Amino acid sequence: MTKEEVVKLLILIESVYPNCIFKDETVQQWFQFCSEMDYEKVMAKVKNHIRKSPFPPAIADIAVFPFEENDFPEMLQEWMKKGRERIERERKPEQRNSLPEWLAEYSARKSF
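1. A word on the overall build of the chain
When helices and strands are tallied, the chain shows seven helices and zero strands. For the chain, the residues scored as buried account for 24% of the 112 residues in total. Counting only contacts in the chain whose residues sit at least 6 apart along the sequence, the fraction spanning at least 24 positions is 57%. If you sum the accessible surface of the chain, you get close to 9300 Å²; carbon and sulfur atoms cover 55% of it.

The following block contains the structure:
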């Protein structure tokens, strides 16, 4: 977000919340924090906040930081697959198709 966009954002907040007046130090902090954020996404959150709250937003209320790509879900799926394969390999052959004794008497399937 550029400084001009941050100024537009703060002007909107001050116009909607008349008791909210930003000091120079506060404006500098908003410049610093908002530089990494996307203007359109932050503006959407501000408008949503205005609809819901009678109080001016804090930076945390409207912050939208860029999404960081990672491969965690794919790694998790791979770990789960390897874990299932390892469990199946380590099981004894007689355990693979048999039911536990306590369940065998209640099951329609007969254990061999």
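Once you've had a look at it, read on.
2. Some details on the pattern of salt bridges
Following the criterion strictly, the structure yields one salt bridge and no others. The salt bridge involving Glu90 is made with Arg86; its shortest N-O contact spans 3.3 Å. Of this pair, Glu90 and Arg86 both sit in helix H5 (residues 72-90), four residues apart, roughly one helical turn.

3. Brief notes about the nonpolar core
Nonpolar side chains in soluble globular proteins tend to be buried together. By size, the foremost hydrophobic cluster in this structure holds 21 residues, and its most contacted members are Met1, Leu9, Ile13, Trp30 and Val42. Among the secondary structure elements, those contributing two or more residues to this core are helix H1 (3-16), helix H2 (24-34), helix H3 (39-52) and helix H4 (59-62). Contact partners of Leu9, with chain neighbours within four places excluded, come to Met1, Trp30, Val42, Met43, Val46 and Ile62.

4. Things to note about the side chain of Ser53
If you trace the backbone, Ser53 turns up in the loop between H3 and H4. Among the polar contacts listed, one links the side chain of Ser53 to the backbone nitrogen of Phe55, at a separation of 3.1 Å.

5. Looking at a nonpolar patch on the surface
On the surface, a cluster of nonpolar side chains totalling about 470 Å² of accessible area is made up of Phe72, Met75, Leu76, Trp79 and Met80. Checked against the element boundaries, Phe72 lands in helix H5. Of the residues examined, Phe72 reaches a relative accessible area of 45% and is grouped as partly exposed.

6. Brief notes about the packing of H1 against H3
One way to put it is that H1 packs onto H3 with a least axis distance of 11 Å and a crossing angle of 5 degrees. Classified by the angle between their axes, H1 and H3 sit roughly parallel to one another. Together, Glu5, Lys8, Leu9, Leu12, Ile13 and Val16 of H1 and Tyr39, Val42, Met43, Val46 and Ile50 of H3 make up the contact between the two elements. Each residue belonging to the contact of H1 with H3 can be placed in one class, and the counts come to nine nonpolar, no polar and two charged.

7. Comments concerning the packing of aromatic side chains
The full count for this structure, using the stated rule, is one aromatic pair. Note on Phe22 and Trp30: the rings are 5.7 Å apart at their centroids and 65 degrees apart in plane angle, and the pair reads as edge-to-face. We note Lys3 situated over the ring of Phe31; from NZ or CZ to the ring centre the distance is 5.3 Å.

Analysis parameters
- Residues numbered from 1 in each chain as written.
- Predicted model: local features only at pLDDT ≥ 70, side-chain atom pairs only at ≥ 80, totals over all residues.
- Heavy atoms only, no water.
- Helix = DSSP H or I, 4+ residues; strand = E, 2+ residues; numbered from the N terminus.
- Buried < 20%, exposed > 50% of the residue type's maximum accessible area, 1.4 Å probe, protein only.
- Contact = heavy atoms within 4.5 Å.
- Areas by Shrake-Rupley, 256 points an atom, 1.4 Å probe, with all protein chains shown as cover.
- Salt bridge = Lys/Arg side-chain N within 4 Å of Asp/Glu carboxyl O.
- Core = buried A, V, L, I, M, F, W, Y, C linked by side-chain atoms within 4.5 Å.
- Polar contact = N/O pair within 3.5 Å; in protein donor to acceptor, adjacent residues only side chain to side chain.
- Patch = residues over 30% accessible without salt bridge, like charges linked within 9 Å, V, L, I, M, F, W, Y side chains within 5 Å.
- Axes fitted to C-alpha atoms, helices over the stretch in contact; angles between N-to-C directions.
- Parallel < 35°, antiparallel > 145°, perpendicular 65-115°, else oblique.
- Nonpolar A, V, L, I, M, F, W, Y, C, P; charged D, E, K, R; others polar.
- Phe/Tyr/Trp six-rings, centres within 6.5 Å; stacked < 30°, edge-to-face > 60°.
- Lys NZ or Arg CZ within 6 Å of the ring centre and 35° of its normal.

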